[in-house]
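# Examination of the molecular architecture
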Amino acid sequence: MNPRKMRFAEYYRASSNGTESAIKAGYSKKTAYSQANRLLKDVEVQNYIKELESEEKDKRILDARDR
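Residues numbered from 1 in each chain as written. Predicted model: local features only at pLDDT ≥ 70, side-chain atom pairs only at ≥ 80, totals over all residues. Heavy atoms only, no water.

## Some thoughts on the side chain of Ser-21
Its location among the elements puts Ser-21 in helix α2 (residues 18-25). Classification of Ser-21 by relative accessible area gives buried; the value is 0%. (Helix = DSSP H or I, 4+ residues; strand = E, 2+ residues; numbered from the N terminus. Buried < 20%, exposed > 50% of the residue type's maximum accessible area, 1.4 Å probe, protein only.)

## Digging into the nonpolar core
Buried together is how nonpolar side chains tend to be arranged in soluble globular proteins. Core analysis: the largest hydrophobic core is formed by twelve residues, namely Phe-8, Ala-9, Ala-22, Ala-25, Tyr-27, Ala-32, Ala-36, Leu-39, Val-45, Tyr-48, Ile-49 and Leu-52. Of all the secondary structure elements, the ones that give two or more residues to this core are α1 (3-15), α2, α3 (32-41) and α4 (43-66). For this core, the element with the most residues is α4, which contributes four residues. Those residues in contact with Ile-49 that sit more than four places away from it in its chain are Ala-9, Tyr-12, Arg-13 and Leu-40. (Core = buried A, V, L, I, M, F, W, Y, C linked by side-chain atoms within 4.5 Å. Contact = heavy atoms within 4.5 Å.)

## Examining the packing of α1 against α3
At a minimum axis separation of 11 Å, α1 and α3 run at an interaxial angle of 95 degrees. Overall, the two elements α1 and α3 adopt an arrangement that is roughly perpendicular. Seen from α1, the contacting residues are Lys-5, Phe-8 and Tyr-12; seen from α3, they are Ala-36, Leu-39 and Leu-40. Among the residues making up the contact of α1 with α3, the classes are represented as five nonpolar, no polar and one charged. (Axes fitted to C-alpha atoms, helices over the stretch in contact; angles between N-to-C directions. Parallel < 35°, antiparallel > 145°, perpendicular 65-115°, else oblique. Nonpolar A, V, L, I, M, F, W, Y, C, P; charged D, E, K, R; others polar.)

## A closer look at the environment of Ala-32
Note on placement: Ala-32 falls in helix α3. Taking the C-alpha atoms as reference, Ala-32 lies 8.3 Å from Ser-21; in sequence the two are eleven residues apart.

## Remarks on α1
Side chains of residues three or four places apart in an α-helix project in the same direction, reflecting 3.6 residues per turn. Here α1 is 13 residues long and its end C-alpha atoms lie 18 Å apart, about the 18 Å a rise of 1.5 Å per residue gives. Residues of α1 that are buried include every one of Lys-5, Phe-8 and Ala-9, and no others. On an axial view of α1, the arc spanned by its buried residues comes to 95 degrees, and they lie on one face. Of the residues in α1, the exposed ones pointing more than 90 degrees away from the buried face are Pro-3 and Ala-14. Among the residues of α1, the N-terminal cap falls to Asn-2, whose side-chain oxygen and the backbone nitrogen of Arg-4 are separated by 3.0 Å. Looking at the residues trailing α1, positive phi occurs at Ser-16, about 60 degrees. (Expected span 1.5 Å × (residues − 1). Arc of directions from axis to C-beta. Polar contact = N/O pair within 3.5 Å; in protein donor to acceptor, adjacent residues only side chain to side chain.)

Scope: geometric values only; no functional claims are made or implied.
So, in structure tokens, the structure goes:
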């Protein structure tokens, strides 16, 4: 996966806003909406978002155990 797709997934995971995430990742404001729709259907991007969610969940579990 290319770095721009990765940035999109990371921004999307943080905000859940596809258009905003596409713009922050470096896609044109003019095409951000359609790029976001395309990227959210991309299997690589979907898997990376799931991976980020899993890592976040693991951190929360570890934090809870430390308390």
